[in-house]
Amino acid sequence: SKSAVSNTAMLAFAATVKQVLSKATTPTVLASIPLVTFDGEKATTHEFVELNDPVMGGRSSGTWSVMPTFGVMDGEVVDVPSLQAPGFIKATADGAFPDAASASAGALELEVRSTTPQYAGFRVSLAAGAVAPPYSCAGGGSIPLSRGCYKAKFSVPAGDGWHAVSVPFASFSDLWSPATGEHTKECSEDASACLTAKKLSSLQRVELWAEGAVGKVHLELKSVSAVPAAPHPNSTPLLTVSSPAALAAAAAPAAATTASRTATRPPAPFGTCSGAVQKQLRFGISGREQPTVPVPLPATESLAEAVCCDNRTVAYAEP
């Protein structure tokens, strides 16, 4: 009868809606975490101190000054005579910083502007877990007990306005040359060099550098924040539909994409699994197709494969 057919269609429609809803998620957007500001806020206002390479026999010169709402690093980097290579100037701030662990998969954001955007040696470093931050941020892991000062490069766009410059936490490493500032090992090559959530939970020092390139330097800093990674959707966004056929058409691209994806294991020497990954892992990990971890990985690895079988993610595993 027509009634029976109608009921069957409605049941099929309801089953399809339930299936789509079960896969759809509402991303949780996490707020950025201010680490350094110049607005007088107690938790984020820190005193910066200028340090230049004359402590190493160099001739670079720089100053740090504070305006009402921002700090200014100004100076010039020249060659260190004994090294015949560029020296450095830097501004450092020590103290207790807000817990930034929730942003470990994201980036450090610097609100900056510069009259020397062409300068090629801007760097930022964060000390965490260091035995002595000044020592670690001078040794770069090249001498005993000098691990724990994580450094990364950044550049500043030209223009008079303030720019939000994003530096991914995955680009930081605490293994770098004290002579040049260049990384000797990347986080993607050595998990022990990565700036993990545990480290970000207890930062000890923030540093701004002009290093490894000669030239005039003028950098203005308004704020430093830890910004969580953008939420990664697991399914096609919900659409308003008026019939089973329309809903099926809307869901078809997502179904085709899921069906066509071929999962791959981590390549040697990173793979650690000898068998299949366990199914039905908790917290929805088994259903997440992208390896959303702060380490560059092939997009064909699922989150379960990355967490369970890829040794590049060991530093981010919970104990």
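Residues numbered from 1 in each chain as written. Predicted model: local features only at pLDDT ≥ 70, side-chain atom pairs only at ≥ 80, totals over all residues. Heavy atoms only, no water.

It is not clear to me how the sheet that holds strand S12 (residues 203-211) should be interpreted in this structure. Could you clarify?
Either a parallel or an antiparallel arrangement is found when strands of a sheet pair, and the pairing is made through backbone hydrogen bonds. Taken together, the five strands give an open sheet; going across it, the order is S2-S7-S12-S9-S10, and neighbouring strands pair in antiparallel fashion. Sheet topology places strand S2 (48-52) and strand S10 (149-153) at the edges, where each strand pairs with a single neighbour. Going across the sheet, the axis of each strand differs from the next one's by a mean of 20°, ignoring polarity. Judged from the five bridges that link them, S2 and strand S7 (residues 88-94) form a sheet pairing that is antiparallel. What sits directly across from leucine 51, in S7, is lysine 90. (Pairing = 2+ DSSP bridges. Helix = DSSP H or I, 4+ residues; strand = E, 2+ residues; numbered from the N terminus. Axes fitted to C-alpha atoms, helices over the stretch in contact; angles between N-to-C directions.)

Looking at this structure, I do not really get the confidence of the model for the chain. What am I missing?
Low pLDDT means the predicted atomic positions in that stretch should not be read closely. On average, residues of the chain carry a pLDDT of 83, and 73% of them reach 70 or more. The low-confidence segment residues 235-243, where pLDDT is below 50, has 12 contacts with residues more than four positions distant or belonging to other chains. Residue range residues 250-261 is modelled with pLDDT below 50. Its contacts to residues more than four positions away, or to other chains, number 11 contacts. (pLDDT = per-residue confidence, 0-100. Contact = heavy atoms within 4.5 Å.)

Would you mind going over the nonpolar core with me for this structure?
The nonpolar side chains of soluble globular proteins are, as a tendency, buried together. Among the nonpolar cores identified, the biggest contains 42 residues, and Leu35, Met73, Leu108, Leu126, Phe154, Phe169 and Phe172 are the most heavily contacted of them. Apart from residues lying up to four places away in sequence, phenylalanine 169 is in contact with Ala103, Ser104, Gly106, Ala107, Leu108, Leu126, Leu195, Leu200 and Ala226. Grouped together as the second largest cluster of nonpolar side chains are six residues, Phe88, Ala127, Cys149 and Trp209 included. (Core = buried A, V, L, I, M, F, W, Y, C linked by side-chain atoms within 4.5 Å. Buried < 20%, exposed > 50% of the residue type's maximum accessible area, 1.4 Å probe, protein only.)

Would you mind going over the side chain of glutamate 211 with me for this structure?
Examined against the element boundaries, glutamate 211 turns out to sit in strand S12. For glutamate 211, a relative accessible area of 2% gives the class buried. Setting aside residues up to four positions removed in sequence, glutamate 211 forms contacts with Gly87, Phe88, Tyr119, Gly121, Arg123, Lys151, Thr180 and Gly181.

Would you take a moment to explain the packing of aromatic side chains for this structure?
The way to describe two aromatic rings as a pair is by their centre distance and the angle between their planes. Per the stated rule, a full pass over the model turns up nine aromatic pairs. With 5.2 Å between their ring centres and 70° between their planes, tyrosine 119 and phenylalanine 122 make a pair best called edge-to-face. Each member of the pair, tyrosine 119 as well as phenylalanine 122, is classed as buried. For the ring pair phenylalanine 169 and phenylalanine 172, a centre distance of 6.0 Å and an interplane angle of 40° mean the geometry is tilted. Its relative accessible area of 0% is what places phenylalanine 169 among the buried residues. Judged by relative accessible area, which is 0%, phenylalanine 172 ranks as buried. Positioned above the aromatic ring of phenylalanine 70 is the side chain of arginine 113, whose terminal nitrogen or guanidinium carbon lies 5.2 Å from the ring centre. (Phe/Tyr/Trp six-rings, centres within 6.5 Å; stacked < 30°, edge-to-face > 60°. Lys NZ or Arg CZ within 6 Å of the ring centre and 35° of its normal.)

Any chance you could explain the pairing of strand S13 (residues 215-227) here in plain terms?
With 10 of its 13 residues buried, S13 lies for the most part within the structure. Pairing of strand S1 (residues 33-37) with S13, which is carried by four bridges, proceeds in the antiparallel orientation. When the sheet's bridge partners are listed, proline 34 is paired in S13 with serine 225. With seven bridges joining them, strand S4 (residues 71-77) and S13 adopt antiparallel strand pairing. If you follow glycine 71 over to S13, its bridge partner there is leucine 221. Where strand S8 (residues 107-114) meets S13, eight bridges bridge the pair, whose relative direction is antiparallel. Following the sheet pairing, arginine 113 is matched in S13 by glutamate 220.

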